[in-house]
Amino acid sequence: QVQLVESGGGLVQAGGSLRLSCAASGRTFSIYAMGWFRQAPGKEREAVAAIKWSGGNTYYADSVKGRFTVSRDNAKNTVYLQMNSLKPEDTAVYYCAATFAIATLDLSRYDYWGQGTQVTVSS
């Protein structure tokens, strides 16, 4: 019912910035919140940030607080992740996800996922 397409990944040096975008289509009017998650090779997928669709309340993992900012443009059905002061440990495939249920960093509550976009931070 919801399709998500990420873009904006790439290669950046430590200390640099990237902005990821996630465009939603389909039953977007039912989206309650969207989240960003990441998965490094050999690691479990982990939460990065989430945003409530109506109201714009935001939530961040401790590892990215003060460096990453999640935002949304309701008119464009798009969520963004602005990543500043990037570190090599931020290297991962980044996924956006949507939930009809609740704004949360718990990935089990998300039902719709994008294909992922690679972010590589070099030292």
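A short tour of the structure in this document, coming up. (Residues numbered from 1 in each chain as written. Predicted model: local features only at pLDDT ≥ 70, side-chain atom pairs only at ≥ 80, totals over all residues. Heavy atoms only, no water.)

1. Focus: the overall build of the chain
Selection criterion: For the purposes of this entry, the term helix denotes a DSSP run of H or I that reaches at least four residues, the term strand denotes a run of E that reaches at least two, and both are numbered from the N terminus. Throughout, radius of gyration means the C-alpha value; the globule benchmark is 2.2 Å times the number of residues raised to the power 0.38. Contacts are residue-level and defined by heavy atoms, with any inter-residue pair within 4.5 Å sufficient. When charges are counted, neither His nor the chain ends are considered; positive counts come from Lys and Arg and negative counts from Asp and Glu. Where a charge lies is defined by one atom per residue type, namely NZ (Lys), CZ (Arg), CG (Asp) and CD (Glu).
Along the backbone of the chain there are 0 helices and 11 strands. Of the regular secondary structure in the chain, the N- to C-terminal order runs β-β-β-β-β-β-β-β-β-β-β. Relative to the compact-globule value of 14 Å for 123 residues, the chain shows a C-alpha radius of gyration of 13 Å, a close match. Here the C-alpha coordinates of the chain stretch approximately 40 × 30 × 25 Å along the principal axes. Excluding contacts between residues fewer than 6 apart, the proportion of contacts in the chain whose partners are at least 24 apart in sequence is 57%. Placing the 12 positive and 9 negative side-chain charges of the chain at their respective mean positions leaves the two points 5 Å apart.

2. A few points about the side chain of Thr 99
Applied cut-off: We call two N or O atoms a polar contact when they sit within 3.5 Å, provided that within protein one can donate a hydrogen and the other can accept it, with sequence-adjacent residues counted only if both atoms are side-chain atoms.
With respect to the helices, strands and loops of the structure, Thr 99 is situated in strand β9 (residues 92-99). Here Arg 109 takes part through its backbone oxygen, which lies 2.8 Å from a polar atom of the side chain of Thr 99. If near-sequence neighbours (up to four positions away) are discounted, Thr 99 is found in contact with Ser 30, Ile 31, Tyr 32, Ala 33, Arg 109 and Tyr 110.

3. Digging into unusual backbone geometry
Trans peptide bonds make up most of the peptide bonds, and negative phi angles are found at most residues other than glycine. To keep it simple, the criterion reads: For every residue, the accessible area (1.4 Å probe, protein chains only) is compared with the maximum for its type, and the residue is labelled buried under 20%, exposed over 50%, or partly exposed between those bounds.
The phi angle at Asn 77 is positive, at roughly 50°, despite the residue not being glycine. Structurally, the position occupied by Asn 77 is in the loop between β7 (68-73) and β8 (78-83). The phi dihedral of Ser 85 is positive, around 50°, even though this residue is not glycine. Here Ser 85 is to be found in the loop between β8 and β9. Residue Ser 85 is classed as partly exposed on the basis of its relative accessible area of 40%.

4. Considering the side chain of Arg 67
Turning to its location among the elements, Arg 67 is positioned in the loop between β6 (58-60) and β7. Non-local contacts of Arg 67, meaning those with residues more than four positions away in its chain, are made with Gln 82, Met 83, Asn 84, Ser 85, Leu 86, Lys 87 and Asp 90.

5. Things to note about the nonpolar core
In plain terms, the rule: The criterion is simple. A nonpolar core is a set of buried Ala, Val, Leu, Ile, Met, Phe, Trp, Tyr and Cys residues joined through side-chain atoms within 4.5 Å.
If you look at the biggest cluster of nonpolar residues, it comprises 30 residues, and the most contacted ones within it are Leu 4, Met 34, Trp 36, Leu 81, Met 83 and Tyr 94. For this core, the secondary-structure elements that each account for two or more residues are β1 (2-7), β3 (18-26), β4 (33-39), β5 (46-52), β7, β8, β9 and β11 (117-122). Sequence-distant contacts of Met 83, that is, excluding residues within four places in its chain, are made with Gly 16, Ser 17, Leu 18, Leu 20, Arg 67, Phe 68, Tyr 94 and Val 119. Membership of the second largest hydrophobic core comes to 5 residues, among which are Phe 37, Ala 47, Ala 97 and Tyr 110.

6. Here's the deal with the sheet that holds β7
To keep it simple, the criterion reads: Strand pairing is assigned whenever DSSP detects at least two bridges linking the two strands. Simply put, an axis is a line fit to the C-alpha atoms, just over the touching stretch for a helix, and the angle between two N-to-C directions goes from 0 to 180 degrees.
Read across the open sheet, the 4 strands follow the order β1-β3-β8-β7; overall the sheet is antiparallel. The sheet is open, and its two edges are formed by β1 and β7, each paired on a single side. Taking each pair of neighbouring strands and ignoring which way they run, the sheet shows an average axis angle of 20°. Where β7 meets β8, 6 bridges bridge the pair, whose relative direction is antiparallel. Of the residues in β8, the one forming a bridge with Thr 69 is Gln 82.

Such coordinate-based values are descriptive only and should not be taken to indicate function.
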